[in-house]
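Overview (structure and organization)
Residues per chain, in single letters:
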Amino acid sequence: MKGLAVGVGRRDLLAGAGAALMLAGCAVNVEGGRHGGVTEAARSPLALTPIRATPDRITRITVCTRPFRAQGPRLEVERIGQKLVVHHYGHGGSGWSLSWGTGLVATEKAMALGERDIAVIGCGAIGLTTALQLQRAGAKVTIYAKDLPPDTRSSFATGVWSPDSRICLEQYATPEFKALWARMCLTSFQAYQSLLGLPGTPIEWVDNYNVSDQANRERHEPVTDGRPPFADALQHELLPTLTPHSVDVPAGLHPFGARFVRRNTNMVFNISSYTRLLLDEFHANGGRIEVREFHTPADFAGVAQKVLVNCTGYGARSLMGDNSIIPVRGQLARMIPQDDVHYGLFYNGVSFVPRRDGFVFQAVGPDDYYGYNDDSIVPDRPLAEQSVGIIASLFPPPAFG
Ligand SMILES: Cc1cc2nc3c(=O)[nH]c(=O)nc-3n(C[C@H](O)[C@H](O)[C@H](O)COP(=O)(O)OP(=O)(O)OC[C@H]3O[C@@H](n4cnc5c(N)ncnc54)[C@H](O)[C@@H]3O)c2cc1C
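Computed from a predicted structure; not experimentally measured. (Residues numbered from 1 in each chain as written. Predicted model: local features only at pLDDT ≥ 70, side-chain atom pairs only at ≥ 80, totals over all residues. Heavy atoms only, no water.)

Around the ligand, the structure places 38 residues, and the nearest of them are Gly92, Ser97, Asp147, Ser154 and Phe294. Separating a nitrogen atom of the ligand from a backbone N or O atom of Lys146 is a distance of 3.0 Å. At 2.4 Å from an oxygen atom of the ligand is found a side-chain nitrogen or oxygen belonging to Ser154. Burial of the ligand by the protein amounts to 97% of the accessible area it has alone, namely 1,000 Å². Of all elements in the fold, only β1 (58–69), α3 (95–111) and α4 (125–136) reach the threshold of two or more residues within the shell around the ligand. In terms of residue count, the dominant contributor to the shell around the ligand is β1 (four residues). Classifying every residue of the shell around the ligand by side-chain character gives 13 nonpolar, 19 polar and six charged. (Near = heavy atom within 4 Å. Polar contact = N/O pair within 3.5 Å; in protein donor to acceptor, adjacent residues only side chain to side chain. Areas by Shrake-Rupley, 256 points an atom, 1.4 Å probe, with all protein chains shown as cover. Helix = DSSP H or I, 4+ residues; strand = E, 2+ residues; numbered from the N terminus. Nonpolar A, V, L, I, M, F, W, Y, C, P; charged D, E, K, R; others polar.)

Bringing the pattern of salt bridges into the picture now. Under the criterion given, the structure shown has 13 salt bridges. In this structure, Asp357 and Arg334 form a salt bridge, with 3.5 Å as the shortest nitrogen-oxygen distance. Of this pair, Asp357 sits in the loop between β13 (350–353) and β14 (359–363) while Arg334 sits in strand β11 (residues 325–335), and the two are 23 residues apart along the sequence. Under the relative-accessibility criterion, Asp357 is labelled partly exposed at 25%. Note that Arg381 is salt-bridged to Glu385, the shortest N-O span being 2.8 Å. Separated by four residues within a single helix, Arg381 and Glu385 lie in helix α9 (residues 381–392), roughly one turn from each other. Classification of Arg381 as partly exposed rests on a relative accessible area of 37%. What you see here is one network of salt bridges that share partners, running through Arg74, Glu76 and Glu78. (Salt bridge = Lys/Arg side-chain N within 4 Å of Asp/Glu carboxyl O. Buried < 20%, exposed > 50% of the residue type's maximum accessible area, 1.4 Å probe, protein only.)

Our focus in this paragraph is the sheet that holds strand β3 (residues 83–89). Read across the open sheet, the six strands follow the order β2-β3-β10-β4-β5-β9; overall the sheet is mixed. Each edge of the open sheet carries a strand with a single partner, namely β2 (74–80) and β9 (288–291). Here the strands of the sheet are splayed against their neighbours by 20 degrees on average, with no regard to which way each runs. One ladder, built from five bridges, connects strand β4 (residues 117–121) with strand β5 (residues 140–145); its direction is parallel. Within the sheet, the bridge partner assigned to Ile118 lies in β5 and is Val141. Packing of α3 onto the sheet brings it into contact with β2, β3, β4 and β10 (307–310), and relative to β3 it is tilted by some 170 degrees. The strands touched by helix α7 (residues 271–284) within the sheet are β5 and β9, with β9 carrying the most contacts at an inclination of about 110 degrees. (Pairing = 2+ DSSP bridges. Axes fitted to C-alpha atoms, helices over the stretch in contact; angles between N-to-C directions. Contact = heavy atoms within 4.5 Å.)

On to the nonpolar core, then. Grouped together as the largest cluster of nonpolar side chains are 50 residues, with contacts concentrated most on Leu134, Trp161, Trp181, Tyr192 and Val309. Membership of the second largest hydrophobic core comes to 28 residues, among which are Leu253, Val341, Tyr347 and Val388. (Core = buried A, V, L, I, M, F, W, Y, C linked by side-chain atoms within 4.5 Å.)

With that settled, the discussion passes to the packing of α4 against α7. Between α4 and α7, whose axes approach to 10 Å, the crossing angle comes to 35 degrees. In this structure, the crossing between α4 and α7 has a hand that is left-handed. From α4, Leu128, Thr129, Ala131, Leu132, Gln135 and Arg136 reach across to α7, where they touch Tyr274, Thr275, Leu278, Leu279, Glu281 and Phe282. For the contact of α4 with α7, the residue count by class is seven nonpolar, three polar and two charged. (Left-handed = near helix turned anticlockwise from the far one by under 90°.)

What the rule picks out here adds up to two cavities of 30 Å³ or more. Empty space within the largest cavity amounts to approximately 50 Å³. Looking at the largest cavity, it is lined by ten residues, and the ones nearest its centre are Arg66, Gln362, Ala363, Val364 and Tyr370. If you list the elements that add at least two residues to the lining of the largest cavity, you get β11 and β14. No other element matches the three residues that β11 contributes to the lining of the largest cavity. Of the residues belonging to the lining of the largest cavity, the class tally is three nonpolar, four polar and three charged. Forming the walls of the second largest cavity are Trp96, Cys123, Gly124, Ala125, Leu128, Pro149, Thr152, Ser154, Ser155, Ile271 and Thr275. Listing elements by their share of the lining of the second largest cavity, those giving two or more residues are α4 and α7. In terms of residue class, the lining of the second largest cavity is built from six nonpolar, five polar and no charged. (1 Å grid on protein atoms, 1.4 Å probe; cavity = no way out; pocket = protein on both sides within 12 Å on 5 of 7 lines; lining within 4 Å. Points joined across faces, edges and corners; volume = space filled by probe spheres on them.)

In structure tokens:
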């Protein structure tokens with residue numbers, strides 16, 4: 001049977017973190033196996049356990065701001081008083097995904113300064129991975145942070161592989177930046193492969209179904225009001241070599257009636273167990289954590305270490321007075337997970353991620369700029385319930401309850 005043609009446009013490929021779950025690749029060849037033939041097993045209809053998506057199962061609504069910089073993450077050394085500070089912030093919607101790659105770059109810069117007793121400011125995705133990489137490179141590391149997991153902004157991320165989500169604007173994607181991004185992306189990708197199959201399933205690959213009422217539907221409409229586009233050539237060139245290709249699922253082989261369905265496969269970060277793993281390794285390596293807030297860069301003088309790596313994320317905006325950091329608001333509705341649901345969905349602008357530490361429903365909006373320059377962190381419950389309702393509409397109403 002011929003596959004349905006569901007278009008994946010450039011906007012699709014740069015959708016937000018949640019949307020990226022559906023886009024980064026695909027693994028399952030429904031139409032043919034290794035020999036190219038169509039086997040009965042390959043044509044078996046998908047058996048997908050329905051999601052119990054009802055508002056009463058929402059456990060929490062979280063909101064946080066992505067630390068977006070038009071020119072990409074800040075990765076440079078600055079002398080502040082007697083200290084040498086390696087700035088390492090501004091990872092937009094890609095912080096978890098790029099953390100190992102960008103952490104390696106920051107580690108190289110910090111280790112090149114000659115000190116072996118190093119402070120890391122911040123304990124989010126970036127601070128934690130950087131701290132571990134510094135330890136692996138032979139440094140003694142102390143983390144100083146105002147908030148620790150699970151209260152960092154990183155704890156409120158969707159939790160999917162999205163290394164090109166709002167990482168910079170197209171105009172700043174120079175050949176040098178692209179080469180750096182490619183290196184960071186590859187390093188991170190391989191680091192995550194080494195974290196598969198561990199107790200608590202911190203990282204896993206998950207199939208996703210992009211469901212649409214129309215063929216060839218763009219997941220995100222192009223921005224037409226003159227705002228500059230986010231960079232997208234980055235992933236076009238590299239991601240297809242990293243992640244499996246997507247494939248149409250013919251009608252009759254999926255449970256979504258006459259709708260158009262495309263399947264892909266992407267990595268999911270179960271952030272609770274993954275963060276615990278990172279913290280455990282940091283402590284096992286002799287790392288120390290001190291809760292401390294820095295109000296101005298002059299406060300850096302108060303730490304014993306001469307070299308500091310500044311991983312303060314969105315916090316750098318006020319700490320460093322760095323208005324190049326632009327908030328991009330994102331809200332998640334979390335829900336009681338089901339042990340038998342291990343597939344993701346995207347439908348009518350809503351992304352569903354089957355995180356084992358709590359399902360995630362996220363409205364990703366009509367365009368890439370959804371939440372742009374919005375620093376409000378007040379939860380929007382009607383939006384959360386609407387998102388849950390959109391995913392629920394894909395399934396028959398429950399027979400009871
Ligand atoms: C809704 C949403 C969904 C997302 N989904 C994904 C995803 O699926 N995949 C992905 O890769 N990325 C995703 N992201 C992006 C990702 O979450 C961020 O890029 C990442 O969290 C940034 O990490 P960080 O460590 O730089 O910042 P943070 O997590 O904010 O950590 C900063 C640390 O610095 C500390 N700090 C800040 N200021 C100070 C100060 N003045 N003094 C002392 N300590 C300070 C904080 O307390 C904290 O410990 C998402 C973001 C949002 C908002």
